[in-house]
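Tertiary structure, described
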Amino acid sequence: MSETKDFTIEIGEVAPVTPTGQQAPKGRTFEDIIERVSSCLSEWTPFCLVASYFVFSTCMYMYCSEGLIAVFWFIYMCTNFYIAGATVLEAFMSITPCREAREVITQAEEKDWLFPTAHSKLPILDLIIVAYLPNEKNIIVDRAIYALEQLDYPQDKIRINILYNTPVSIEPLETELHELPLKYPHARVIKVPNSTSKADNLNYFLTLDTGSDVIAVYDCDHYPHPNGPRWAAERFMADTEVDIVQGRCIVFNSNDTFLTSMIAVEFDKIYAVSHPGRSTMWGFGLFCGSNGYWRTSLLRDMKMDGSMLTEDIDSALRAFSRGCKTVHDLNVTSYELAPTTFGAFWKQRLRWAQGWAQASMRHAKMIYNGVQDPLHEGTKRDFTARFGVLSLLLIREASYYLVTQYTCLVLSFLIVKFPSSGEELWKLVYFQYPVSQWLFIISLMCLVATLWITNQVKSEFVSRKMIILFSITYPFYLVLSATIGLYGHARQIVKYSSWNPTARN
């Protein structure tokens, strides 16, 4: 062995003695053991925190007086009413942009799809497909060929960039990818060296002088609508103040499982209702990680922060802090895959929850500070936008605790005074106090109105039956989402970092 004093063990040697007096297992170093123990603690600590939170909260309510319980009940019903009210307001605000998007499509059809901007005046577009080959090796070629052949955009104005990283060589796939430019002149395939994340891939590309005016970012599982890039380009051409165009993402594997059908409805509610409604209501939009179009100069200046778990949300909030204008265009559509198993769904949403916690902590200061960009000195953040940031970053994060506390309160009721009939259970959960009746009925009306609007703008992959099932399971969905939010907060507290750095956002 070399003379360096490490704990590397070779075959036939006696294992070194650890500080506890025991021999380390052969083939492992003492540092490996410490790392494994640390990883185990990091893995299980968030679970223990969330579990103890539910146990402690439920037990606390079991010992509270009737008067104190009434106070808590009123607070939770009022806050849940606020959340339901804000949601339905966003839904109603989305009606106008949805109608306008349909009118634009109708006008285009009447003109035989003759777009306002001539081909020669369209911006040069770099469309990036970001891939991590070990996870997406089965779909990358299909998505690349689709983008190269199906997108309706002048070939001399668009380049399809396959931006991938892989820790090991994957042949013959990589050779097949690198042969694409031989058949398609507007294709570019780049293997990013030393990359461990989507942020690394994008930041590497942003160092290249490609001469583009607009950059589109797509995850590997997406099928952009053939007219999507053109609608985004038209939006930039129509308004020179627009910096980012975020499109609508649609789940197309809704029929695979019950879970994918519920996610498909959720995505319609988020991308077709909540996002355009919030943009209208609060005056700002957000880039959502995929199917987003940036002015190249802006994205190249900002780059992606690889230290953030959801670098897309962070970049969106940094752009807003600088006074940049983001719009949601419902005609810029893209079709993506939803997780088909609960395990994949759980991992994805935990990543989102922790990433949102990170981003909220970093950007909550936008509630009180001004625009942080000399190029946008004339842009002011008004009270409406500040309250929108408060609602998005703080109230939304706090809602996880409000929903779960209400759940623990109901659980304490079930333990202390278990109902003997369905009628008693209904009264116990919703009608403990007279004011509950009004708050519950109004909140229910808000939910029905939101889902009715969602039904009006649902995608071709979502049926009315799916929306009805989503409505029935919505209370359980809220509790699950809140629990995942708590789990994300717990992960952030312990600085949990055992995620796949290239997992899709």
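Only a predicted model underlies this, so the values are computations on that prediction, with no experimental measurement involved.

1. Regarding helix α17 (residues 464–493)
Compared with an ideal rise of 1.5 Å per residue, which puts 30 residues at 44 Å, α17 spans 41 Å between its outermost C-alpha atoms and is within 8% of the ideal. Looking one or two residues beyond α17, the residue adopting positive phi is K495, at roughly 60°.

2. Here we look at the pattern of salt bridges
Oppositely charged side chains may form a pair once their charged atoms are brought near each other. Under the defined criterion, the tally for this structure stands at 15 salt bridges. With its nearest N and O atoms 3.6 Å apart, the salt bridge here joins D126 to R188. Separated by 62 residues along the polypeptide, D126 in strand β1 (residues 125–132) and R188 in strand β3 (residues 187–191) bring together distant segments of the chain. On the accessibility criterion, D126 (0% relative accessible area) is buried. Its relative accessible area of 25% is what places R188 among the partly exposed residues. Residue R322 pairs with D301 through a salt bridge whose shortest N-O separation is 2.5 Å. Of this pair, R322 sits in the loop between α12 (311–321) and β8 (325–336) while D301 sits in helix α11 (residues 296–302); the two residues are 21 residues apart in sequence, bridging distant segments of the chain. One connected set of salt bridges, linked through shared partners, spans D305, D314, R318 and R362.

3. Looking at the sheet that holds β8
With respect to topology, eight strands assemble into an open sheet ordered β3-β2-β1-β4-β7-β6-β8-β5, the strand pairing being mixed. Each edge of the open sheet is held by one strand with a lone partner, namely β3 and β5 (223–224). Pairing geometry for β1 and strand β4 (residues 214–219), over six bridges, is parallel. Among the inter-strand pairings, L127 is bridged to a residue of β4, identified as A216.

4. Describing the packing of aromatic side chains
Given two aromatic rings, their pairing is described by the distance between the two centres and the angle made by the two planes. Taken as a whole and judged by the stated rule, the model has 25 aromatic pairs. Between Y53 and F54, the aromatic rings sit 5.5 Å apart at their centres with planes inclined by 85°, giving edge-to-face as the arrangement. Taking 5.9 Å as the distance between ring centres and 40° as the angle between the ring planes, the aromatic pair formed by F342 and F345 counts as tilted. Of the two residues, F342 and F345 are both situated in helix α13 (residues 342–363); the distance of three residues between them amounts to about one turn of the helix. Residue classification places F345 among the buried residues on the basis of a relative accessible area of 6%. Among the aromatic residues, those joined into a ring-pair cluster are F342, F345, W346 and Y487.

5. Some points on the environment of V245
For V245, the position within the fold is in strand β6 (residues 242–251). Distance from V245 to L286, taken between C-alpha atoms, is 8.8 Å for residues 41 residues apart in sequence.

6. Comments concerning the packing of helix α2 (residues 66–93) against helix α10 (residues 258–282)
Axis angle and axis distance: for two packed helices, these are the angle between their axes and the distance between the axes, and together they describe the pair. The N-to-C vectors of α2 and α10 enclose an angle of 90°; their axes lie 7 Å apart at closest approach. By the criterion of interaxial angle, the relationship of α2 to α10 is roughly perpendicular. Counted together, T87, L89, E90, A91 and M93 of α2 and K269, V273, S274, G277, R278, T280, M281 and W282 of α10 form the full contact between these two elements. Class assignment of the residues belonging to the contact of α2 with α10 gives a composition of six nonpolar, four polar and three charged.

Parameters and conventions
- Residues numbered from 1 in each chain as written.
- Predicted model: local features only at pLDDT ≥ 70, side-chain atom pairs only at ≥ 80, totals over all residues.
- Heavy atoms only, no water.
- Helix = DSSP H or I, 4+ residues; strand = E, 2+ residues; numbered from the N terminus.
- Expected span 1.5 Å × (residues − 1).
- Salt bridge = Lys/Arg side-chain N within 4 Å of Asp/Glu carboxyl O.
- Buried < 20%, exposed > 50% of the residue type's maximum accessible area, 1.4 Å probe, protein only.
- Pairing = 2+ DSSP bridges.
- Phe/Tyr/Trp six-rings, centres within 6.5 Å; stacked < 30°, edge-to-face > 60°.
- Axes fitted to C-alpha atoms, helices over the stretch in contact; angles between N-to-C directions.
- Parallel < 35°, antiparallel > 145°, perpendicular 65-115°, else oblique.
- Contact = heavy atoms within 4.5 Å.
- Nonpolar A, V, L, I, M, F, W, Y, C, P; charged D, E, K, R; others polar.

Read these as spatial facts, not as claims about activity.
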